Structure formats: structure tokens, C-alpha cells
Amino acid sequence: MDKFLESAEKYYFHYPFPVTIVGTLYEDKSNFMAAAWHTQLSFDPPLYAVSISPKRYSKELIDKSGAFSLNFLKFDDYKLAGFVGRTSGRDHRKEEIFDIQYDIGTKLNVPVLKIAVGCYECKVVDKRPFGDHILYVGEIVGIHYDSNYYKDGISTDMLLYIGNDMYTHAEGALVKFGKQEVQEVLKELKGKKEI
Ligand SMILES: Cc1cc2nc3c(=O)[nH]c(=O)nc-3n(C[C@H](O)[C@H](O)[C@H](O)COP(=O)(O)O)c2cc1C
């Protein structure tokens, strides 16, 4: 590497991230926003976190409802991420202007996008501010997925965000390199190197 930054106002060197559409419902208000800052935290219990700026209208609705959905999209549906990620529910009823269709969750009062290939219904179990964002930790209480899309549980065409309003995907890029493959390499190396 030929460059070094001691600090940066914004940093995207670790991208891409899968895009998730955070869905919220409170009373008669539904809302959707795009989020790239999210992560799985635990299998048991199944915990998933998303980092949301206090400026977002979605934050207000999550605080009131105590729940949110995380909806994952195919690459082809990147425009929805732009639509809900570059407009605020404070100014627009996004589901009306962008014709966003959803069902109500099975376990929680959260929107499950019809266009999504996967969706987690999350109950807020914790929230903490970190710098200029708030980390919402949700317990996944229900999972919806499209079995035609996830082949053997694997997705290769998920919508990925690389920053600067640019999207990509990894269709066709599939390699397996796990314990078995590593063991084979180790066996080969044993003959050649001191390991
Ligand atoms: C691809 C993409 C990823 C984003 N990721 C996040 C994120 O992780 N956290 C966040 O607070 N805002 C994120 N945003 C910005 C919000 O989606 C955006 O501010 C949105 O307008 C908020 O809508 P709301 O005010 O209706 O909640 C992202 C936007 C885009 C386009």
C-alpha cells in the first residue's frame, strides 16, 4: 500500500456492504430507509445490529414501535435503495410515491417487503450511541426468505453498496475455501516447509 491517512472525514475502504432496507411501522405510519452499516452479532440468541443516525425519521419510529425489519434485496432492485436512502419519511410517504408493497410481519408489527429475497423481523433489545450513530440491537424473532433465490442457503446476487451512491453484486463469483481445503494445503506444505 502506498498511501496512509491518519484520519479521514469519511472512510469507505472496507466496503462493500450488503444493503438492507430498514422497515418500520408505528400506528398508521410506515417508513423505509437504506442501511449499509449492519451486522450479525450472535447466533444464540439471534442478534442483529444496525447503526442509525439520530437524524433519521426511521429512528423516531423505531423508538416508538420497539421493532424493525431488515429487508435484503437482489442487485436488480438497487433503485429502491436509492429511493428510500435518499429521501426522508419526514418529507414523503415513501410507500406511496415509490409504490412500495409490503406484508405485515408474522411475529411483529413490521413491514416485510414483497420485493425482498430475505427479511428479518427484529425486536429491539438494546440501543447505544456510538459517535454520531446509534446502534440498535434487534433479536430476530422471524425470518422470511425466498427459497428460489437462496440456492442451498447461499446468495451470490445480493445488492451490495460500495459508497458514493454506487452499487454492485457478486453474481457468479463463488469459491469454496474452508477447513478441508486449508487442510489439503497444509498437507502439501508439510513436505516443503517447516510448519
Ligand atoms: C446505500 C445507502 C446506505 C445507507 N446506510 C445508512 C446507515 O447504515 N445508517 C444510516 O443512518 N443511514 C444510512 N443511509 C442514509 C439513510 O438511508 C437516509 O438518510 C434516509 O433518507 C433516511 O430516511 P428516513 O429519514 O425516512 O429514516 C444510507 C443511504 C444509502 C443510499
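All of these numbers come straight from a predicted model, not from anything done at the bench. (Residues numbered from 1 in each chain as written. Predicted model: local features only at pLDDT ≥ 70, side-chain atom pairs only at ≥ 80, totals over all residues.)

A. A look at helix H1 (residues 57-65). Considered for burial, the residues of H1 that qualify are Ser 58, Lys 59, Leu 61 and Ile 62. The buried residues of H1 occupy an angular sector of 165° when the element is viewed end-on, so they sit on one face. Residues of H1 that are buried sit in contact with strand S2 (20-26), strand S3 (29-35), strand S5 (47-52), strand S6 (67-72), strand S9 (118-130) and strand S10 (133-145). Immediately downstream of H1, the backbone of Gly 66 shows phi near 70°, a positive value. (Buried ≥ 20, exposed ≤ 12 C-beta atoms within 10 Å, placed from the backbone. Helix = DSSP H or I, 4+ residues; strand = E, 2+ residues; numbered from the N terminus. Arc of directions from axis to C-beta. Contact = placed C-beta atoms within 7 Å.)

B. Highlighting the sheet that holds strand S1 (residues 17-18). With antiparallel pairing, three strands are arranged side by side in an open sheet as S1-S11-S12. One side of each edge strand has no neighbouring strand; the edge strands of this open sheet are S1 and strand S12 (166-168). Pairing between strand S11 (residues 160-163) and S12: three bridges, direction antiparallel. Across the sheet, Gly 163 pairs through a bridge with Met 166, a residue of S12. (Pairing = 2+ DSSP bridges.)

C. Spotlight on the sheet that holds S6. On the basis of which strands lie adjacent, the open sheet formed by seven strands has the order S3-S2-S6-S9-S10-S5-S4 and antiparallel pairing. Only two strands of the sheet have a single partner each, and these edge strands are S3 and strand S4 (38-42). Put simply, the sheet's adjacent strands are angled 35° from each other on average, direction ignored. Bridge analysis of S2 against S6 gives four bridges, and the strand direction is antiparallel. Bridge pairing in S6 links Thr 20 to Phe 72. (Axes fitted to C-alpha atoms, helices over the stretch in contact; angles between N-to-C directions.)

D. Inspection of the environment of Thr 156 at higher detail. Inspection of the secondary structure assignment puts Thr 156 in the loop between S10 and S11. In the structure, Thr 156 is positioned 61 residues away from Glu 95 in sequence and 28 Å away in space, judged by C-alpha atoms.

E. Quick peek at helix H2 (residues 78-85). Within H2, the full set of buried residues consists of Tyr 78, Leu 80, Ala 81 and Val 84. When H2 is viewed along its axis, its buried side chains cluster within an angular range of 155° and face the same direction. As for H2, its buried residues are in contact with S2, S3, helix H3 (94-97) and S12.

F. Examining the site of the ligand more closely. Within the structure, the ligand sits among 23 residues, and Trp 37, Ser 58, Gly 85, Ser 88 and Gly 89 are positioned closest to it. For the shell around the ligand, the elements supplying multiple residues, two or more each, are S3, S5, H1 and H2. The dominant element in the shell around the ligand, judged by the number of residues it contributes, is S3, at four residues. A breakdown of the residues in the shell around the ligand according to their chemical character gives ten nonpolar, ten polar and three charged. (Near = placed C-beta within 6 Å. Nonpolar A, V, L, I, M, F, W, Y, C, P; charged D, E, K, R; others polar.)

G. Fine view of the pairing of S5. Across four bridges, the pairing between S4 and S5 is antiparallel. Each bridged residue has a counterpart across the sheet, and for His 38 the counterpart in S5 is Val 50. Linking S4 back to S5 in an antiparallel pair, the connection comprises four residues. Both S5 and S10 contribute to a ladder of six bridges, which runs antiparallel. Directly across from Ala 49, in S10, lies its bridge partner Val 137.

H. A look at the nonpolar core. Ile 21, Val 22, Phe 68, Leu 73 and Ala 81 are the most contacted members of the largest nonpolar core, which has 36 residues in total. Put simply, the parts of the chain that give this core at least two residues each are S2, S3, S5, H1, S6, H2 and S9. Residue contacts for Ala 81: discarding those within four places in its chain leaves Val 19, Ile 21, Ala 34, Leu 73, Leu 159 and Tyr 167. (Core = buried A, V, L, I, M, F, W, Y, C linked by C-beta atoms within 7 Å.)

I. Structural detail: the environment of Leu 80. Summarising the element assignment, Leu 80 is placed in helix H2. Under the C-beta neighbour-count criterion, Leu 80 is labelled buried, with 22 such atoms within 10 Å. Sequence separation between Leu 80 and Leu 159 is 79 residues; the distance between their C-alpha atoms is 11 Å. Leave out the neighbours within four places in its chain, and Leu 80 touches Ile 21, Leu 73 and Ile 115.

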